[in-house]
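# Tertiary structure, described
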Amino acid sequence: MLIPKTTHPNLSPASALRLGLVGLFDAGLIWLIVRLVQDGSYPLAGIFIALGLVVTVSMSLDRFRAWRWLCVGLSLALLFVLYPILYTFYISTTNTGGGHVLTRQQVIDALERVQYVPEGGRKFSWTAFESPAGEYALWLQAEGSAAQWVTVGAVQADVQPGTGSFGPADENGIPLEVEGYRRLERRDVIVLLDRLGQMEFGAPPETIRITGLNAAATTQARYHYDEAQEAILDQSTGTLYRPAGGSFVSEDGEALRPGFFTGVGLDNFNRFFSSAALRGPLAAIITWNFMYAIFSVLFSFALGLLIALLFDNLPGKRIIRTLLIIPYPIPALVSILIWRNLLNPDFGALVKLMQAIFGSAPNFLTDPGWTRFAIILINMWLSYPYFYIVSSGALQAIPTDMLDAAAVDGASLWQKFSRITLPLLLQIVSPLLVASFAFNFNNFNLIYIFNEGNPPIAGTPIPAGHTDILISFVYKLAFTSAQQDYGLASAISIVLFAFVAVITWLQFRYTRVLEDRH
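Residues numbered from 1 in each chain as written. Predicted model: local features only at pLDDT ≥ 70, side-chain atom pairs only at ≥ 80, totals over all residues. Heavy atoms only, no water.

## Regarding the overall build of the chain
Rule in force here: Strands here mean DSSP runs of E at least two residues long; helices mean DSSP runs of H or I at least four residues long; both are numbered from the N terminus. Radius of gyration means the value over C-alpha atoms here, while the globule rule gives 2.2 Å times the residue count to the 0.38 power. Burial here depends on accessible area, computed with a 1.4 Å probe over protein chains only, as a share of the maximum for the residue type. Under 20% is buried, over 50% is exposed, and the range in between is partly exposed. Residues are treated as being in contact if the distance between any of their heavy atoms lies within 4.5 Å. A 1.4 Å probe and the Shrake-Rupley method give the accessible areas. Residues count as covered only by the protein chains that appear here. For the charge count, each Lys or Arg is scored as positive and each Asp or Glu as negative, with His and the chain ends excluded. By convention, charge coordinates are those of NZ in Lys, CZ in Arg, CG in Asp, or CD in Glu.
Regarding its fold elements, the chain presents 16 helices and 13 strands. Computed over the C-alpha atoms, the radius of gyration of the chain is 35 Å, more than 25% above the 24 Å expected from 2.2 N^0.38 for a compact globule of 518 residues. Looking at the 518 residues of the chain, the share that counts as buried comes to 37%. Within the chain, residue pairs in contact and separated by at least 24 positions form 60% of the contacts whose partners lie at least 6 positions apart. Here the chain displays about 29800 Å² of accessible surface, and carbon together with sulfur accounts for 62% of that area. Of note, the chain has its 33 positive side-chain charges centred 14 Å away from the centre of its 38 negative side-chain charges.

## Things to note about the layout of surface pockets
Selection criterion: The definitions used throughout rest on a 1 Å grid laid over the protein atoms alone, on which a cavity is an enclosed set of points accommodating a 1.4 Å probe that cannot get out and a pocket is an open set flanked by protein within 12 Å on both sides along at least five of seven lines; lining residues are those having an atom within 4 Å of a point. Grid points are joined across faces, edges and corners, and a volume is the space filled by probe spheres set on the points. Amino acids are sorted into nonpolar (Ala, Val, Leu, Ile, Met, Phe, Trp, Tyr, Cys and Pro), charged (Asp, Glu, Lys and Arg) and polar (every other residue, Gly among them).
Taken as a whole, the second largest pocket encloses approximately 390 Å³ of empty space. Taken together, 18 residues line the second largest pocket, and the ones lying closest to its centre are Tyr-328, Asn-379, Leu-382, Ser-383 and Phe-439. Contributing elements (two or more residues each) for the lining of the second largest pocket: helix 9 (332-342), helix 11 (368-396), helix 13 (413-441) and helix 14 (444-451). Of the residues in the lining of the second largest pocket, the class split is twelve nonpolar, six polar and no charged.

## Structural notes on a nonpolar patch on the surface
The line we're drawing: The patches reported here contain residues having more than 30% relative accessible area and no salt bridge. Joining distances are 9 Å for like charges and 5 Å for nonpolar side chains (Val, Leu, Ile, Met, Phe, Trp, Tyr). Salt-bridge detection follows one rule: a side-chain nitrogen of Lys or Arg within 4 Å of a carboxyl oxygen of Asp or Glu.
Where nonpolar side chains cluster on the molecular surface, the patch consists of Ile-319, Leu-323, Ile-326, Ile-330, Leu-333, Val-334, Leu-337 and Ile-338 and spans about 700 Å² of accessible area. Secondary structure elements with two or more residues in the nonpolar patch: helix 8 (317-324) and helix 9. Residue contributions to the nonpolar patch peak at four residues, all from helix 9. Within the fold, Leu-333 resides in helix 9.

## What about helix 11?
Rules: Each residue after the first adds 1.5 Å to the expected span of a helix. We define the bend at any residue as the angle between the axes fitted to the seven residues before and including it, ending there, and the seven starting there. Think of a polar contact as two N or O atoms within 3.5 Å of one another; within protein, one of them needs to be a possible hydrogen donor and the other a possible acceptor, and neighboring residues in sequence only count if both atoms come from side chains.
Relative to the 42 Å expected for 29 residues at 1.5 Å per residue, helix 11 spans 41 Å between its end C-alpha atoms, a close match to the ideal helical length. A maximum bend of about 40° is found in helix 11 at Ser-383, where proline Pro-385 lies one to four positions downstream. Capping the start of helix 11 is the job of one residue whose side-chain oxygen sits 3.2 Å from the backbone nitrogen of Gly-369: Asp-367.

## Some thoughts on the packing of helix 2 (residues 42-60) against helix 3 (residues 68-92)
For clarity, the cut-off: Orientation is described by lines fitted to C-alpha atoms, with helices fitted over the stretch in contact, and by angles between N-to-C directions that extend from 0 to 180 degrees. When an angle is under 35 degrees it counts as roughly parallel; over 145 it counts as roughly antiparallel; between 65 and 115 it counts as roughly perpendicular; any other value is oblique. Helix crossings are classified by the rotation of the near helix relative to the far one: an anticlockwise turn of less than a right angle makes the crossing left-handed, while a clockwise turn makes it right-handed.
At a minimum axis separation of 9 Å, helix 2 and helix 3 run at an interaxial angle of 165°. When the interaxial angle is binned, helix 2 and helix 3 end up roughly antiparallel. Pair helix 2 / helix 3 crosses with right-handed handedness. Within the contact between the two elements, helix 2 uses Tyr-42, Pro-43, Leu-44, Ile-47, Phe-48, Ala-50, Leu-51, Val-54, Val-55, Ser-58, Met-59 and Ser-60 and helix 3 uses Arg-68, Cys-71, Leu-74, Ser-75, Leu-78, Leu-79, Leu-82, Tyr-83, Leu-86, Tyr-87 and Tyr-90.

## Topic: the packing of aromatic side chains
Here is the rule we go by: The criterion for an aromatic pair is that two Phe, Tyr or Trp rings (for Trp, the six-membered ring) have centres within 6.5 Å, with stacked assigned to planes under 30 degrees apart, edge-to-face to planes over 60 apart and tilted to the rest.
According to the stated counting rule, one finds 27 aromatic pairs in the structure shown. Note on Phe-290 and Phe-499: the rings are 5.6 Å apart at their centroids and 90° apart in plane angle, and the pair reads as edge-to-face. Taken together, the residues span a long stretch of sequence, with Phe-290 in helix 7 (residues 276-311) and Phe-499 in helix 16 (residues 486-511) at a distance of 209 residues. Consider the rings of Phe-479 and Tyr-486, whose centres lie 5.7 Å apart with planes at 45°: the pair is tilted. For Phe-479, a relative accessible area of 49% corresponds to the partly exposed category. In this structure an aromatic cluster arises from ring pairing among Phe-129, Trp-139, Trp-149, Phe-166 and Tyr-181.

## Considerations on the domain arrangement of the chain
Selection criterion: What counts as a domain boundary in this text is fixed by an automatic or database domain assignment.
Domain annotation of the chain identifies domain 1 (13-92), domain 2 (115-221) and domain 3 (273-516). Here domain 1 and domain 2 have C-alpha centroids that lie 52 Å from each other.

## Re the packing of helix 7 against helix 13
The N-to-C vectors of helix 7 and helix 13 enclose an angle of 140°; their axes lie 10 Å apart at closest approach. Classified by the interaxial angle, the pair formed by helix 7 and helix 13 is oblique. Between helix 7 and helix 13 lies a crossing of right-handed hand. Contact residues: Asn-289, Phe-290, Tyr-292, Ala-293, Ile-294, Ser-296, Val-297, Phe-301, Leu-305 and Leu-309 in helix 7; Phe-417, Leu-422, Leu-425, Leu-426, Val-429, Leu-433, Ser-436, Phe-437, Asn-440 and Phe-441 in helix 13.

## Considering the sheet that holds strand 12 (residues 240-244)
The line we're drawing: The rule for pairing is simple: two strands pair if DSSP sees at least two bridges between them.
With antiparallel pairing, the four strands of this open sheet are ordered in space as 10-11-12-13. Two strands lie at the open edges of the sheet, namely strand 10 (223-226) and strand 13 (247-249), each paired on one side alone. Between one strand and the next, the sheet's axes are offset by a mean angle of 35°, whatever the strand orientation. With two bridges connecting them, strand 11 (residues 231-234) and strand 12 associate as antiparallel partners. Its bridge partner lying in strand 12, Ile-232 is registered against Tyr-241.

## Some remarks on the environment of Leu-196
For Leu-196, the location among the structural elements is in helix 5 (residues 186-197). You can call Leu-196 buried: its relative accessible area is 0%. Taking the C-alpha atoms as reference, Leu-196 lies 8.2 Å from Arg-209; in sequence the two are 13 residues apart. If near-sequence neighbours (up to four positions away) are discounted, Leu-196 is found in contact with Trp-126, Ala-128, Tyr-136, Phe-201 and Ile-210.

Here you go:
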């Protein structure tokens, strides 16, 4: 009877090394994912899970060998493209904001570190000492009791200068030196006061903390978390705080700070669409946002095309082109700040020139209409070189025989431009116009650097300006307002992303700029 041989796949040393490296990568990634889940970073953990699947499958299975070349690109796309989108959507479903940026456990740990001086707690004057290893100790004195020598975690009571390791005393009864320690001068203590104030000297249950430049006292933990009741007890007053809406709240409505972030579902989106406080400024902001994007693209393209037509056949056009694109390589930050100074109502050169010629000049920083005009003017200055370059190249691609035939038929210059040159030019540059519209719709730099979205809209409970666009309004809402409402700002960002995506798709769809033309 013949017994068939058992065959084993041949595993080359290179394959074994590759699989071993994949195993080490997965082990480290699993450890990281577990830590992220424990910290509540669920979006990042989900991205790393997807990244691990991409790397493991592509690097382990031969059938997916072709994907190994895309592995790095896909991983970077997951981390730097997909993750910010997912994280923004995650934040939009939470109450994250000022006072609500920590997890619940982090808030509990922070509150349990808060100390207070209980009734009957002892108070001391103190003198600090430092060891060569950077460890600190305190010599404590209290009226009517012997001195104490305390370090972090230990107490030595009833100590006397001139005995044991303690040197002779000064006129205040404080040792001039202690074996293994250096007495700190007042100038040293002032520098270290914040650091010393965060340290707990002595041993529980009564620890000693520095409460001032010359004062220390026995302290106890003020707050204690009761797991059975899932509440925090204020041991100084006996008040019980239960979790509600991202904070620990007492029965009379007092909330402890800081709070913690928690899920709120679609409440932020509902606030965005239904809040009367948001509807007023948002209507003006959205209207201006469209005007800003449309006029910026329209005027910049028109100026760039006009210059391309006027200067295309002049002698020395290379020098002219070089001069015309000067605004293009200059950093936008520099150009915007220069324009802001030129239009400053107090010392701006252009304002002074207008006052000398016309007798007065508009206020380009405080008048809403003129501020918007200035922003569009600056954006046209920044953008026209780009459209000049694009238009110059596109004009070269337009066949001249059509123009020659139109001239033979007696067409005027305007007829040749409006019926031949412009339609053919738009077919070439339409994708760039759509992309420029999407860019300007979210062009935060110009709005914020020039005037921070000001002048402000009067009577609004939230920060909003007459020249704010949606993205600058979201920035103010998240980072400069008193509430720092990251959740609402993220919800608006998601809506804005979807809004721009739909507009861009419709523009591409109805202008047919992506369709093949044969």
